[in-house]
Amino acid sequence: MLSLALGRSRSTGGEREARAALMLRALIGLLLVVSVLSLGTGAAGLNLADLAHAAIKGELSTRDQVILWNIRLPRLAMGLLIGAALAVSGALMQGLFRNPLADPGIVGVGAGAGLGAVLAIVVGGLLPAGIAVHFGGQLVPLAAFLGGWGATLLLYRLATRGGHTSVANMLLAGIALGALAGAFTGILVYLADDKQLRDLTFWSMGSLAGAGWGKLATALPLILPVLLFSPLMARGLNALALGEAQAAHLGIEVERLKQLIILGVAAATGAAVAVAGGIGFIGIVVPHLLRISTGPNHRYLLPNAALLGASLLVGADMIARTIVAPAELPIGIVTAVLGAPVFLWILMRRQGLVGI
Amino acid sequence: MLQVENICVALNRRPVLCGVSLTARPGTLTAIVGPNGSGKTTLLRALIGEVAYQGKVTLNGLDVARAKAWQLAAIRAVMAQETQLAFPFTVLEVIRLGLSMGENADARDLPQRALAEVGLLHHAARNYQDLSGGERQRVQLARALVQVWNPVGAGGARWLFLDEPVASLDLGHQLQVMRLARRFADAGGGVVAVMHDLNLSAMFADKLALLAEGALVAAGRPDTVLTDALLSNAYGCPIRINALPSHGTWLLPQAVAS
């Protein structure tokens, strides 16, 4: 009887792991399919058939080569990178705050980056021409990244007393800081001229348009380490589900883990927001869908979130590029239209999900 | 060996515990008893390094205030009064959290064995959040057991620190949990438990530490601590001890009508 029970519980205990491993493979498949579709979709007339033809015959016109190498591939890579960054950052934040509805925005990245971007757009116009030219198109992303990073550091400082970071204080200070950044942003918006307003609005809605190898090279060193090292934090995040004190008793260096997660998320989301603007809901919806299907174990959640987030953002970008072609919809609109109902569905499905 | 030298704890600048010195040897079960608000849980939290204190606490020679989390985790496990879980982990997943990276990491069937010990094997695949309070307590005990599965290992004895381990349990499971703790001590490990039930403490503990108003009133064998005078004073009501001659232990503190 005991051995029977042992055998059964072992199989049921391992069921989630098996499902998570299967999910990993399915998500890799999805990623490949979406990537190929994305390469074959766009305003210029290079489609899947052309790509297949090129793959078989090994020849592609110079024009198509340029489209593929200079427009579609960097855009695909950017979508993958940013989608993965947002989803993994969301999963990390939710694990840290022990709340499935936490979002990278909580650490002030969004508000700080927004202020930085607006500052660059509005005040940047006043800079001597030489400086503006020197920075080229990089002034807004740079300011956004610095704004996001600065806000997170400030928030971290505010919530840390005597070596202990209070996650609850960080949440509350984040609300105050967000409101303050919003007020300053409002002042700048008030001062902005019509063209600047238009730039601002589009920036805040997010877009992968203008993705190039240069932008990719800026974002990659900030995002890739977070993606690669996040699985190392899985054990600590799992333990953190029992509470900070219990996690420490299990041997986790809790304060260092918090520090790593906060700085990692600030770097990854800061870079993502800087190069692509405000893209919402990926960070909440992706980890949550995965938790429903394969459980909350971060060992599987983090890599799977990276894959699903990447696929979803590339998919959303395909919609953004084609639905009003030849014009483009800001991708933040697409993710919000798709993500907000899913978010509501999650809320309705599980009452009492929020532990505060 | 657990050595507590003259520790004081203040919470929000209010002193809640002062001048407590105590030793607990491997192979024994020590129960911390006392009335509500006497500082029992605070003392336990100091012993596990959860609150700052003045004075010194060493566990197997390791300074608790300075040791790294992993050093302490390798020799002692802690079971809190109540543990809220943030995400819907299964019972088995919760217990696996107790598997340390070192000596127990390879023993993959340990979680099942620990779960069988607390009689919850049939709940292995259930969502922890769906369990009753008492079942959660037993799952947490199993998790703690997994962390220090062998009562003696490299570097000395292993320790269990339990904060009211039987608080939400029925009579049968109270005995089950206390027997597990007793067995751990008999096998060479050390157990320190905050207890409310003086009878259970008298039955299972080798040593009682009686706290009252933030001070250690008495510490020693149960029959030296469970006296009418000490208990009546500590609990602020008249209490009489009855001995069961057949049993050998001192039992049944009994309130008398005044």
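Residues numbered from 1 in each chain as written. Chains lettered and ligands numbered in written order. Predicted model: local features only at pLDDT ≥ 70, side-chain atom pairs only at ≥ 80, totals over all residues. Heavy atoms only, no water.

1. Notes on the nonpolar core
- Of all hydrophobic cores here, the largest spans 144 residues; its most connected members are Ile82, Leu92 and Ile261 of chain A together with Leu115 and Leu160 of chain B.
- With 13 residues, helix H3 (residues 62–97) of chain A is the largest single contributor of residues to this core.
- Counting residues in each nonpolar core, the second largest holds 31 residues, with Leu17, Ala157, Val192 and Ala209 of chain B among its members. (Core = buried A, V, L, I, M, F, W, Y, C linked by side-chain atoms within 4.5 Å. Buried < 20%, exposed > 50% of the residue type's maximum accessible area, 1.4 Å probe, protein only. Helix = DSSP H or I, 4+ residues; strand = E, 2+ residues; numbered from the N terminus.)

2. Here's the deal with the packing of aromatic side chains
All names here are of chain A.
- Tallied over the entire structure, the rule returns three aromatic pairs over all chains.
- Between the aromatic rings of phenylalanine 145 and tryptophan 149, the centroid separation amounts to 6.0 Å while the plane-to-plane angle is 20 degrees, which identifies the pairing as stacked. Residue phenylalanine 145 and its partner tryptophan 149 are both found in helix H6 (residues 139–159); the two are separated by four residues, about one turn of the helix.
- With a relative accessible area of 27%, tryptophan 149 lands in the partly exposed category. (Phe/Tyr/Trp six-rings, centres within 6.5 Å; stacked < 30°, edge-to-face > 60°.)

3. Some details on the confidence of the model for chain A
Residue and element names in this part refer to chain A.
- With 91% of its residues at a pLDDT of 70 or more, chain A shows a mean pLDDT of 84.
- Within chain A, helix H14 (residues 298–322) carries the highest mean pLDDT (95), whereas helix H5 (residues 129–135) carries the lowest (61).
- Confidence drops under a pLDDT of 50 for residues 1–12, and excluding neighbours within four residues, the segment shows 12 contacts in the predicted structure. (pLDDT = per-residue confidence, 0-100. Contact = heavy atoms within 4.5 Å.)

4. Notes on the sheet that holds strand S10 (residues 190–194) of chain B
Residues and elements named next belong to chain B.
- The sheet built from six strands is open, its strands ordered S6-S9-S10-S3-S11-S12 with mixed pairing. Each of the sheet's edge strands pairs with one partner strand only, and the pair in question is strand S6 (76–79) and strand S12 (215–220). On average, each strand axis in the sheet is tilted by 15 degrees relative to the strand beside it, whichever way the strands run.
- Where strand S3 (residues 29–33) and S10 come together, four bridges link them in parallel fashion. Opposite isoleucine 32, over in S10, you have valine 194 as the bridge partner.
- Lying on the sheet, helix H5 (residues 133–147) is in contact with S6 and strand S9 (159–163); it crosses S6 at an angle near 175 degrees. (Pairing = 2+ DSSP bridges. Axes fitted to C-alpha atoms, helices over the stretch in contact; angles between N-to-C directions.)

5. What to know about the interface of chain A and chain B
- Opposite the 33 residues of chain A that make contact, chain B presents 37 residues.
- At the boundary of chain A with chain B, total buried surface from both sides reaches about 2700 Å², with 61% on carbon and sulfur atoms.
- Interface area lost by chain A to chain B is led by Leu242, Gln246 and His249 of chain A, which between them contribute 23%.
- At the junction of chain A with chain B, the criterion picks out two salt bridges.
- Linking arginine 16 of chain A and glutamate 93 of chain B is a salt bridge whose minimum nitrogen-to-oxygen distance equals 2.6 Å.
- Where chain A touches chain B, the interface holds 10 residue pairs in polar contact (both at pLDDT 80 or more).
- Mapped by element, the contributors of at least two residues to the side of chain A that touches chain B are helix H1 (2–39), H3, helix H10 (234–240) and helix H11 (244–249) of chain A.
- Per element, the largest residue contribution to the side of chain A that touches chain B is 10 residues, and it comes from H1 of chain A.
- Looking at the side of chain A that touches chain B residue by residue, the class counts come to 12 nonpolar, 12 polar and nine charged. (Buried area = accessible area lost by both parts, 1.4 Å probe. Salt bridge = Lys/Arg side-chain N within 4 Å of Asp/Glu carboxyl O. Polar contact = N/O pair within 3.5 Å; in protein donor to acceptor, adjacent residues only side chain to side chain. Nonpolar A, V, L, I, M, F, W, Y, C, P; charged D, E, K, R; others polar.)

6. Side note on the state of the cysteines
Residues and elements named next belong to chain B.
- Under the definition given, this model contains one disulfide over all chains.
- There is a disulfide in this structure between cysteine 8 and cysteine 18, and the S-S distance comes to 2.4 Å. Every disulfide takes its handedness from the sign of the S-S torsion; for cysteine 8 and cysteine 18 that torsion is 75 degrees, giving right-handed. With cysteine 8 in strand S1 (residues 2–11) and cysteine 18 in strand S2 (residues 14–24), this residue pair connects regions lying 10 residues apart in the sequence.
- A relative accessible area of 44% places cysteine 18 in the partly exposed class. (Disulfide = S-S within 2.5 Å.)

7. So, a nonpolar patch on the surface
- A contiguous nonpolar patch, built from Leu180, Phe184, Ile187, Tyr190 and Leu191 of chain A and spanning about 600 Å² of accessible area, is present on the exposed surface.
- Residue classification places phenylalanine 184 of chain A among the partly exposed positions, given a relative accessible area of 45%. (Patch = residues over 30% accessible without salt bridge, like charges linked within 9 Å, V, L, I, M, F, W, Y side chains within 5 Å. Areas by Shrake-Rupley, 256 points an atom, 1.4 Å probe, with all protein chains shown as cover.)

8. What about helix H7 (residues 167–191) of chain A?
All names here are of chain A.
- Between its first and last C-alpha atoms H7 spans 36 Å; for 25 residues at 1.5 Å apiece the expected length is 36 Å, and the two agree.
- Among all positions in H7, only Val167, Met170, Ala173, Gly174, Leu177, Ala181, Thr185 and Leu188 are buried.
- Among the structural elements, H3, helix H4 (109–124), H6, strand S2 (164–165), H11 and helix H12 (254–276) are those in contact with the buried residues of H7. (Expected span 1.5 Å × (residues − 1).)

9. What about the environment of alanine 219 of chain B?
- With respect to the secondary-structure elements, alanine 219 of chain B resides in strand S12.
- Sequence spacing of alanine 219 of chain B and asparagine 12 of chain B is 207 residues, and the spatial spacing of their C-alpha atoms is 28 Å.

10. Focus on the sheet that holds S2 of chain B
All names here are of chain B.
- If you walk across this open sheet you meet the four strands as S2-S1-S4-S5, and the pairing is antiparallel. A strand with exactly one partner marks an edge of an open sheet, and here the two such strands are S2 and strand S5 (62–63).
- Of the pairings in the sheet, the one linking S1 to strand S4 (residues 54–59) comprises five bridges and is antiparallel in character. Considered in S4, the bridge of leucine 2 is made with leucine 59.
- Contacts between helix H1 (residues 40–47) and the sheet are confined to S1, S2 and S4, with S1 contributing the most and set at about 120 degrees to the helix.

11. Structural notes on unusual backbone geometry
Residues and elements named next belong to chain B.
- The phi dihedral of asparagine 60 falls on the positive side, at around 50 degrees, and the residue is not glycine.
- Examined against the element boundaries, asparagine 60 turns out to sit in the loop between S4 and S5.
- Taking the relative accessible area as the measure of exposure, asparagine 60 reaches 24% and is therefore partly exposed.
- Its identity is not glycine, yet glutamate 164 carries a phi of approximately 45 degrees, on the positive side.
- Positionally, glutamate 164 belongs in the loop between S9 and helix H6 (171–186).

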